[in-house]
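Summary of structural features
Here's the letter readout for the chains.
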Amino acid sequence: MRPMIALATALALTGAGGAFGQTPFTPATGPTCKDQSKEGFGLWTCPGPAGYVVRFADEGNIVSLTIAPRRAIEKVQGPTAQWRGAGKALGDKVQWIMRGGVPRAAVIRTWSRVGDDEREVQELSVFAINGEKACLVSAVEIHTDKANAAALARAEQAADSHCPEK
């Protein structure tokens, strides 16, 4: 009986460690990020796993982010996503979904203004990543039941899909 309990415990720990290892979190602000902001325009780039970065831009009412390998971030044509910012505009961390040690999807908390009444919406934005290309594929409103789990499930699906060709 004791060997079975030990085996079950080892398998459980390995499974939990593997799951967490495949969805690392990195900061979206702070000392590890390179700040290139100027008066009235926020611009900073934060490192992610496996040589990827996220570049954030905040012009006050327009916010954008770009996901790409560090070596390609300067060559990317336009942001991965852009929206009318509200409140905090961007969350403090990025959750990455990895496949074979490479980022294939990401989840980032965002705040935006939508509709004619310009109401503030807080969402978990889900991005697919295909090499040097990334795209917004889905969003989960933060007040949805089990929003974090829903966003993670959508990110897992996004990691196995591709961004549409432009």
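Per chain, residues are indexed from 1 in the order of the written sequence. A pLDDT threshold of at least 70 governs which residues receive local features in this predicted model, and a stricter bar of 80 or more applies before side-chain atom pairs are shown or counted, although totals over entire chains, interfaces and linings include all residues. Side-chain measures here rest on the full set of heavy atoms in the structure, leaving out hydrogens and waters.

1. Remarks on the overall build of the protein
Strands are runs of DSSP state E lasting at least 2 residues, helices are runs of H or I lasting at least 4, and numbering of each runs from the N terminus. Check the secondary structure of the protein and you find 2 helices and 9 strands. When a residue's accessible area, from a 1.4 Å probe over protein chains only, is under 20% of the maximum for its type it is buried; when over 50% it is exposed; and in between it is partly exposed. For the protein, buried positions account for 41% of its 166 residues. Contacts between residues were defined by any pair of non-hydrogen atoms, one from each residue, lying within 4.5 Å. Partitioning the contacts of the protein with sequence separation of at least 6, the portion at a separation of at least 24 is 42%. Accessible surface area values rest on a Shrake-Rupley calculation with a 1.4 Å probe, where residue burial reflects the displayed protein chains alone. With an accessible surface of roughly 9,600 Å², the protein has 56% of that area assigned to carbon and sulfur atoms.

2. Some words on the environment of Thr29
Looking at the secondary structure, you find Thr29 in the loop between strand E1 (25-27) and strand E2 (34-35). Between the C-alpha atoms of Thr29 and Lys93, which are 64 residues apart in sequence, the distance is 7.4 Å. Residues in contact with Thr29, not counting those within four places in the same chain, are Trp44, Cys46 and Asp92.

3. Side note on the packing of aromatic side chains
To describe a pair of aromatic rings, you give the distance between the ring centres and the angle between the ring planes. Between 30 and 60 degrees the pair is tilted, below 30 it is stacked and above 60 it is edge-to-face, where a pair is any two Phe, Tyr or Trp rings, Trp via its six-membered ring, whose centres lie within 6.5 Å. Applying the stated criterion to the full structure yields 1 aromatic pair. Considering the side-chain rings of Trp44 and Phe56, the 5.6 Å spacing of their centres and the 25° angle between planes classify their relative orientation as stacked. In this pair, Trp44 is assigned in strand E3 (residues 42-47) and Phe56 in strand E4 (residues 52-58), connecting sequence segments 12 residues apart. Phe56 matches Trp44 in its accessibility class, with the two residues each being buried. Two thresholds decide whether a charge sits over a ring: the Lys NZ or Arg CZ must be within 6 Å of the ring centre and within 35 degrees of the ring normal. One cation-aromatic arrangement involves Lys93 over Phe25; the distance from NZ or CZ to the ring centre is 5.0 Å.

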